[in-house]
Amino acid sequence: MARRIVVTSGKGGVGKTTITANLGVELAKSGERVCLIDADIGLKNLDVLLGLEDRINYTIMDVINDMVEPMDALIRHPGVKNLFFLPASQIATKDMVSHKDIERIIERIEEHFDFILIDCPAGIEKGFKNATLPAKEALIVTNPELPAITDADRVIGLLESQGMPDTNIKVIINRIKFHLMKNGNMLTKKDIENALSIDVIGILPDSDEMIIAANKGVPIVLNDSSKITKVFNNIVRRIQGELVPVEADIDIFEKSGFMGFLKTLFSKS
Ligand SMILES: Nc1ncnc2c1ncn2[C@@H]1O[C@H](COP(=O)(O)OP(=O)(O)O)[C@@H](O)[C@H]1O
Ligand SMILES: [Mg+2]
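In what follows, the accompanying structure is described. The shown structure was predicted, so the numbers you read here are calculated from the model rather than taken from an experiment.

Concerning the overall build of the chain
Of the regular secondary structure elements, the chain holds 13 helices and eight strands. Expected size for 269 residues packed as a compact globule is a radius of gyration near 18 Å; at 18 Å, the chain falls within 12% of this value. With respect to the principal axes defined by its C-alpha atoms, the chain has extents near 65 × 40 × 30 Å. Out of the 269 residues belonging to the chain, those deemed buried represent 45%. Across the chain, the fraction of contacts at a sequence separation of at least 24, relative to all contacts at a separation of at least 6, is 76%.

Notes on the site of ligand 1
In the neighbourhood of ligand 1, 17 residues make up the surrounding shell, with Gly15, Lys16, Thr17, Thr18 and Ala214 lying closest. Broken down by secondary-structure element, the contributors of at least two residues to the shell around ligand 1 are α1 (16-29), β7 (169-176) and α10 (208-216).

Here's the deal with the pairing of strand β5 (residues 115-119)
Counting buried residues in β5 gives five out of five residues, a clear majority hidden from the surface. Every second residue of β5 is oriented toward a common face, with Phe115, Leu117 and Asp119 on one face and Ile116 and Ile118 on the other, all of them buried. Judged from the five bridges that link them, strand β1 (residues 3-8) and β5 form a sheet pairing that is parallel. Looking at β5, one finds that Val7 is bridged to Asp119. Relative to β5, strand β2 (residues 34-38) runs parallel, the two sharing five bridges.

Quick notes on the packing of helix α7 (residues 146-161) against helix α9 (residues 189-196)
The geometry of α7 relative to α9 is characterised by a closest axis approach of 10 Å and an angle of 40° between their N-to-C directions. On the basis of their axis angle, the class for α7 and α9 is oblique. The handedness of the crossing between α7 and α9 is right-handed. Residue-level inspection shows Ile149, Ala152, Asp153 and Ile156 of α7 in contact with α9, the latter providing Ile192, Ala195 and Leu196. Looking at the contact of α7 with α9, its residues break down into six nonpolar, no polar and one charged.

Things to note about α7
Its 16 residues place the ends of α7 23 Å apart at the C-alpha level, agreeing with the 22 Å of an ideal helix rising 1.5 Å per residue. All buried positions along α7 are accounted for by Ala148, Ile149, Asp151, Ala152, Val155, Ile156 and Leu159. Relative to the axis of α7, the buried residues are bounded by an arc of 160° and lie together on one face. Those residues of α7 that are exposed and aimed more than 90 degrees away from the buried face are Leu146, Pro147 and Ser161. Residues of α7 that are buried sit in contact with β1, α6 (126-132), β6 (137-142), β7 and α9. The first or second residue beyond α7 is Gly163, which carries a positive phi of 100°.

Examining the sheet that holds β7
Taken in spatial order, the eight strands make up an open sheet running β3-β4-β2-β5-β1-β6-β7-β8, and their pairing is mixed. At either margin of the open sheet sits one strand with a lone partner, and together these are β3 (75-76) and β8 (200-205). As paired elements, β1 and β6 share four bridges and run parallel to each other. When the sheet's bridge partners are listed, Thr8 is paired in β6 with Ile140.

What about the pairing of β6?
Most of β6 is tucked away: five of the six residues are buried. With five bridges connecting them, β6 and β7 associate as parallel partners. When the sheet's bridge partners are listed, Leu139 is paired in β7 with Lys170. Handedness of the β-α-β unit built from β6, α7 and β7 comes out right-handed.

The rules we used
Residues numbered from 1 in each chain as written. Chains lettered and ligands numbered in written order. Predicted model: local features only at pLDDT ≥ 70, side-chain atom pairs only at ≥ 80, totals over all residues. Helix = DSSP H or I, 4+ residues; strand = E, 2+ residues; numbered from the N terminus. Rg over C-alpha atoms; globule rule 2.2 N^0.38 Å. Buried ≥ 20, exposed ≤ 12 C-beta atoms within 10 Å, placed from the backbone. Contact = placed C-beta atoms within 7 Å. Near = placed C-beta within 6 Å. Pairing = 2+ DSSP bridges. Axes fitted to C-alpha atoms, helices over the stretch in contact; angles between N-to-C directions. Parallel < 35°, antiparallel > 145°, perpendicular 65-115°, else oblique. Left-handed = near helix turned anticlockwise from the far one by under 90°. Nonpolar A, V, L, I, M, F, W, Y, C, P; charged D, E, K, R; others polar. Expected span 1.5 Å × (residues − 1). Arc of directions from axis to C-beta. Right-handed = clockwise from strand over helix to strand, strands pointing away.

In structure tokens, the structure reads:
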């Protein structure tokens, strides 16, 4: 059966949808069969980030209303083998859907997939339950700032109260700013792990590349030479059980270039 992973956060705008899209593509690139579910019903933007908004024939509401078989509603990504997508509906609201509806959809498709990633809406109301209750694992996205971490902590508590073991919960830190990190003005991985008591599974920088890719509707991981792609690849390997130190995500950026060269030189002497 598929691993069911929800990408959630508490605070909105921290990068859940961006990370769901890129992680989905990178997992599929590594050979996994992946289905992405947009559970942000009423808003929807995973389709846009994937560049699939013009291909939508059916939405999750059509499946719930028995207008179409779930497998027939999925959009196959034209450029990424093994990547499928179930769009949210913009005309429906979160209250028109229950977690059981989503659970039933997953039960009917999961034999075809290795991974089902669910993109969670912001907040901790019904939409949160709809997206998280059908999942067995969670990736919590947070920015390295206190308000986001406080909300992440709250969400971790909710997931645990819903019966998810904390070993199934991992944190992705998004939008690290290296210049602040160097001055000691940014919360570190250790600070965040101490605050949340949950392991960090990936660290992504604040990057203009991400914004440009989002505006083009082309997931950044489709560019194999991007450093961001290397980070997503590390995260994928960790999800697959490989031991890749999380510090490697920062090294991708910090050990390159002339300053990095000097740093390596000095650290060896
Ligand atoms: N690492 C990053 N660097 C720069 N911008 C980012 C990064 N991650 C996300 N963003 C931007 O932040 C905004 C919110 O991201 P989004 O994925 O929609 O968040 P959420 O789904 O949590 O609301 C988007 O404009 C996105 O392009
Ligand atoms: Mg989102």
